[in-house]
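# Close look at the chain arrangement
These are the residues of each chain, in order.
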Amino acid sequence: MSKNRRHPRGRHTSTRNVPLRTHWLLLSTLVLTLSAALLLQGYTQHMFDSTADGAPRAKSAAGAVPEQVASGGPVIEAAAGRTAEPAAHTIALTFDDGPDPVWTPRILDILRRNDVHATFFTVGTQVAAHPDLARRIVADGHQIGLHTFTHTDLGAASPWRRSLELRESQLAIAGATGVTTPLLRPPYSSTAQALTDADWSAVVQAGQEGYLTVLTTQDSEDWRRPGVDRIIANATPRGSDGEILLMHDAGGDRTQTVAALEQLIPKLKAAGFRFATVGDASGVPDAVRPATAADHWQGLALITALRTSDWILAALSWLLWAAGAISVLRAGAVLVAARRHVRMRREPWGRPVTEPVSVIVPAYNESAGIEAAVRSLLASDHPVEIIVVDDGSTDGTADLVEALRLPGVRVIRQANAGKPAALNTGIAAASCDLLVMVDGDTVFEPDAVRMIVQPFANRRVGAVSGNAKVVNRTGLLGRWQHIEYVVGFNLDRRLFDLAECMPTVPGAVGAFRREALLRIGGVSDTTLAEDTDLTMALCRSGWRVVYEERAKAWTEAPASLGALWKQRYRWCYGTLQAMWKHRGALTQRGQAGKLGRRGLLYLLMFQVLLPLLAPVVDVFAVYGLIFLEPLRIVGLWSAFLLLQVLMSVYAFRLDEERVGPLWSLPLQQFVYRQLMYLVVIQSVFTAVAGSRLRWQRMERYGSLQVPPGSPAPPPPAPAVPGLELAQAWTAEAQAAEVTPGVVFHSRLPGAAWDHPHRSGGSPGRPGAS
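Residues numbered from 1 in each chain as written. Predicted model: local features only at pLDDT ≥ 70, side-chain atom pairs only at ≥ 80, totals over all residues. Heavy atoms only, no water.

Tallying secondary structure elements over the protein gives 25 helices and 20 strands in all. Burial statistics for the protein: of 769 residues in total, 56% are counted as buried. Long-range contacts, defined as pairs at least 24 residues apart, comprise 85% of the intrachain contacts of the protein with a sequence gap of at least 6. Accessible surface, the protein: about 31,700 Å² in total, of which carbon and sulfur atoms supply 59%. (Helix = DSSP H or I, 4+ residues; strand = E, 2+ residues; numbered from the N terminus. Buried < 20%, exposed > 50% of the residue type's maximum accessible area, 1.4 Å probe, protein only. Contact = heavy atoms within 4.5 Å. Areas by Shrake-Rupley, 256 points an atom, 1.4 Å probe, with all protein chains shown as cover.)

Moving on: the packing of aromatic side chains. Each pair of aromatic rings is reported with the distance of its centres and the angle of its planes. As enumerated under the stated definition, the model contains 10 aromatic pairs in all. For the pair Phe-496 and Tyr-602, a centre-to-centre distance of 5.2 Å together with 80° between the ring planes defines the contact as edge-to-face. Taken together, the positions of Phe-496 in helix H16 (residues 476-499) and Tyr-602 in helix H20 (residues 590-627) put the pair 106 residues apart, joining distant regions of the chain. Take Phe-496 and Tyr-602: they sit in the same class, and that class is buried. Considering the side-chain rings of Tyr-623 and Phe-627, the 5.6 Å spacing of their centres and the 45° angle between planes classify their relative orientation as tilted. Remark: Phe-627 and Tyr-623 occur in helix H20; sequence separation between them is 4 residues, near one turn of the helix. Each member of the pair, Tyr-623 as well as Phe-627, is classed as buried. Put simply, the rings of Tyr-485, Phe-489 and Trp-571 touch in pairs and so form one group of aromatic residues. Above the face of the Phe-606 ring, Arg-330 is positioned so that its terminal group lies 4.8 Å from the ring centre. Arg-583 extends its terminal NZ or CZ atom over the ring of Trp-580, reaching a point 3.9 Å from the ring centre. (Phe/Tyr/Trp six-rings, centres within 6.5 Å; stacked < 30°, edge-to-face > 60°. Lys NZ or Arg CZ within 6 Å of the ring centre and 35° of its normal.)

What follows concerns the side chain of Ser-431. The residue Ser-431 is located in the loop between helix H14 (419-429) and strand S16 (434-437) in this model. Residue Ser-431 is classed as buried on the basis of its relative accessible area, which comes to 9%. Reaching out from Ser-431, the side chain makes a polar contact with the side chain of Glu-385 at a distance of 2.7 Å. (Polar contact = N/O pair within 3.5 Å; in protein donor to acceptor, adjacent residues only side chain to side chain.)

Nonpolar side chains collect at one region of the surface, where Leu-586, Leu-601, Leu-604, Leu-609 and Leu-612 lie side by side and expose about 370 Å² of accessible area between them. Mapping Leu-601 onto the fold places it in helix H20. On the basis of relative accessible area, Leu-601 is assigned to the partly exposed category, the value being 42%. (Patch = residues over 30% accessible without salt bridge, like charges linked within 9 Å, V, L, I, M, F, W, Y side chains within 5 Å. Salt bridge = Lys/Arg side-chain N within 4 Å of Asp/Glu carboxyl O.)

Note that Pro-503 resides in the loop between H16 and strand S19 (510-513). Spatially, the C-alpha atom of Pro-503 lies 9.5 Å from that of Gly-596, the residues being 93 residues apart in sequence.

Within the structure shown, the criterion is met by 32 salt bridges. Here Arg-330 ties to Asp-492 by a salt bridge, and the two come within 3.1 Å at their closest N and O atoms. Here Arg-330 is found in helix H11 (residues 293-345), whereas its partner Asp-492 is found in helix H16, with 162 residues between them in sequence. For Arg-330, a relative accessible area of 28% translates into the label partly exposed. Here Asp-492 falls in the buried class, since its relative accessible area comes to 9%. When salt bridges that share partners are traced, they join Lys-469, Arg-473, Arg-494, Glu-549, Asp-655 and Glu-657 into one network.

A large share of helix H18 (residues 530-540) lies buried, amounting to 10 of its 11 residues. Among all positions of H18, only Glu-530, Asp-531, Thr-532, Asp-533, Leu-534, Thr-535, Met-536, Ala-537, Leu-538 and Cys-539 are buried.

A separate point is the nonpolar core. By size, the foremost hydrophobic cluster in this structure holds 82 residues, and its most contacted members are Phe-512 and Leu-538. When residues in this core are grouped by element, the largest group, 13 residues, is from H20. Judged by nonpolar contacts, the second largest core, of 46 residues, contains Met-247, Val-258, Leu-268 and Phe-273. (Core = buried A, V, L, I, M, F, W, Y, C linked by side-chain atoms within 4.5 Å.)

So, about helix H8 (residues 228-235). Considered for burial, the residues of H8 that qualify are Ile-231, Ile-232, Asn-234 and Ala-235. End-on, the buried residues of H8 take up no more than an arc of 165°, which puts them together on one face. In this structure, the buried side of H8 is in contact with strand S9 (218-219), strand S10 (243-248) and helix H9 (255-270). (Arc of directions from axis to C-beta.)

Here you go:
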């Protein structure tokens, strides 16, 4: 895209330029919210300990466990050092790890049929996932207890995590059921005799926070799935003592547990045992109490956050897989198109185009590079006239060009009116049917003009995009832009050319039929990307726009992040403007329809939507490195990087460039890529907010030189019909203190653009052969 900048005294100095600060606040809020949701998801799903209850554990010291606790009952009030046990001939059925949507309802049905109440020690994340089951547990008269939030081994956890696990689990129960409970069963616990020092530390801390620890006296070992008969045998008391029996309603296939329970309850009732909850069996008062309003609403908020994070993660997973698949398909399509484009360009366009060309150089404060640009054009091996339109420069650009006294070079001065107006001035003053537009910071190869006009042998071609290359490619930022020009821009142009939907002829190097420009009314100033707007207008007018990679020109790229940000912000915002302006192409037919349904949708997908998703990819990558399998995440990233490297090597080979700069490609993923997607985000917010962006002046670095080995400037171009009259017209306009081209800035009908003394007939419509 063009890099010419508009002087602040231009025609739009009153344009509203609202600084957008709220969008960065909004973006930060969204990223933080996403990060919080993923952290919550990561903690609840990937910090979950799935080791089975009752599984063998390594032996450790137990010297700190008080004797009265180790030899006491299974219900422990650690703060007071007391224990309790169930009454004789009393069975307290307890179920761990639920609620589960499959097994918990079946167990509740069995208990209801047998008129038995039990105690369910629930995992907080499961309660949040199935709050209706937690409500049913309470509504059916059962007691509910805590089994931590993520089934964490409290003995091995840090004090802060113990508190977090208990508090979050309590809130989940409060939000789902409206009640709270002091009953806690630590995961991986068994009998009081099995307590270790680490376990006791967790029991003491829980007691200080108001919880009663409920251990077991008898384990059905249903977690082993030993068979129904074995479970029944393990669950049957050996005497008349009361028991707290451990079973499970979640954590895997509980078919055996359900079948065993159907037989166990009648069997134990027949043996004279009664069934009760832990609170009733052990004489614990207030084992379940109403939750406070604060706990209930906080619990609801926690459940909502967990379920929302589940939805966000599922949606993001689908989006990221879809984006990855689309990106891979795009890479394949671009590579196939590039190969076909190379074969297609081996065929000549037709008879060689030898007619002279008018080169228009709009310039505003281009003194650093204008001499190199003009001399490179004079060194062309094709006949040219050069028109430098000085757009009110304040650095002596026009004086410098005039002082060179170069043959075949004209300078037109005008008050600052912006680049579109300067281009229209040049179009009006041009005397040739073929026009080349070039920025004042661009140096042409000697054969660039000849190469870029050859496609005009095809009468359907209305414009040609050349091959812009970065000249100041030293330094990391320069290398990254060099890679982007070769890989991003040029590969896409080959695809666009093949699909006949070229959206942009860059302002640095582009050629046009004068007739095509007149038909659409010249260069519009309604967008900041006048080159994209102009190209889209030509496509919609029925002209074909092609890419000629052999027409090479060298341009200066921004040398600082600030300058790069300004340039790309204007490019992206202007492209969005042009896309919106030409959205009607989506429903048109012919060449316009190809632009709309191919070019515009491609730009929307790969230059707007996917970049907007890029911050999510980065956040998700960090999430994966922390909570998922780091090697898998690194492997996926490496695979995509390898794909980029292969595409880049192929693109560099096509452009006959050395592949040395590609060593910096991995680093590009950590700075340059983020800068580019932030530009897209800012541009989208600017567009949505309805703000207008002004032209900014890009700093010139004076790094441009005439290509080495270029021949000395040739004699003046052969006389072109009408050229002397056009020069005389310009001189008369300047003598009369008239600004050439101003009348054309208002986009008069095409007939008004033709110079009255210009000879030659109509070059024909785009469909002519």
